[in-house]
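# Remarks on the overall topology
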Amino acid sequence: MSASPAKHDVFQAIADPTRRKLLELLSEQEMAVTAISSHFPISRTAVSKHLRILSEAGLVKEQKIGRETRYRMQPEPLRELQSWLAYYERFWENKLHALRRLVEDDASSKDQLSGPRLVPDNHGSTTKQS
């Protein structure tokens, strides 16, 4: 009994920077593999392999037009990624709020400890400011 190769999921598909760049290109317009290949310093065969992985993940669709195969982005599978990230966003938000409180508390305690400050006035002399 032979096992068929596992289909790539969205997370595996976007893990590679070349595939992310492919998605960026295809988000703007439908393109043929020859046109896509011109944007990369890798062979057309390598680009085709990346496109196959994106296709297996459902992120790109291909269409034969004559002898040319054209690819276009399908953003729907990115919703899975968006949902996953949304869950973890709350942790980032909590950390950012904690950092903001720490910085603001530190700044206000320094103001209280420093006492009056000398501030230049419009006439070139300094005055005390509390």
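Residues numbered from 1 in each chain as written. Predicted model: local features only at pLDDT ≥ 70, side-chain atom pairs only at ≥ 80, totals over all residues. Heavy atoms only, no water.

## Focus: the environment of Gly58
Here is the rule: Note on conventions: DSSP H or I runs of at least 4 residues are helices, E runs of at least 2 residues are strands, and numbering of each starts at the N terminus. Contacts are assigned to residue pairs with any non-hydrogen atoms lying within 4.5 Å of each other.
Within the secondary structure layout, Gly58 lies in the loop between α4 (44–56) and β2 (60–65). Residues Gly58 and His8, spaced 50 residues apart in sequence, show a C-alpha to C-alpha distance of 8.9 Å. If we skip the residues at most four places from it in the chain, Gly58 touches Gln74 and Pro77.

## Things to note about the packing of aromatic side chains
Under the convention used in this document: Stacked, tilted and edge-to-face pairs are distinguished by plane angle, under 30 degrees for stacked and over 60 for edge-to-face with tilted covering the rest, among Phe, Tyr and Trp rings (Trp via its six-membered ring) whose centres lie within 6.5 Å. Any residue under 20% of the maximum accessible area for its type is buried, any over 50% is exposed, and the rest in between are partly exposed; the area is computed with a 1.4 Å probe on protein chains only.
One pass over the structure, following the stated rule, counts 5 aromatic pairs. For the pair Phe11 and Trp84, a centre-to-centre distance of 5.6 Å together with 75° between the ring planes defines the contact as edge-to-face. Here Phe11, found in helix α1 (residues 10–14), pairs with Trp84, found in helix α5 (residues 78–114); they are 73 residues apart in sequence, far enough to count as distant. Taking relative accessible area as the criterion, Phe11 reaches 30% and is therefore assigned partly exposed. Ring centres of Trp84 and Tyr88 lie 4.8 Å apart, and the angle between their planes is 50°; this geometry places the pair in the tilted category. Of the two residues, Trp84 and Tyr88 both sit in helix α5, 4 residues apart, roughly one turn of that helix. Clustering of aromatic rings is evident, with ring pairs tying together Phe11, Trp84, Tyr87, Tyr88 and Phe91.

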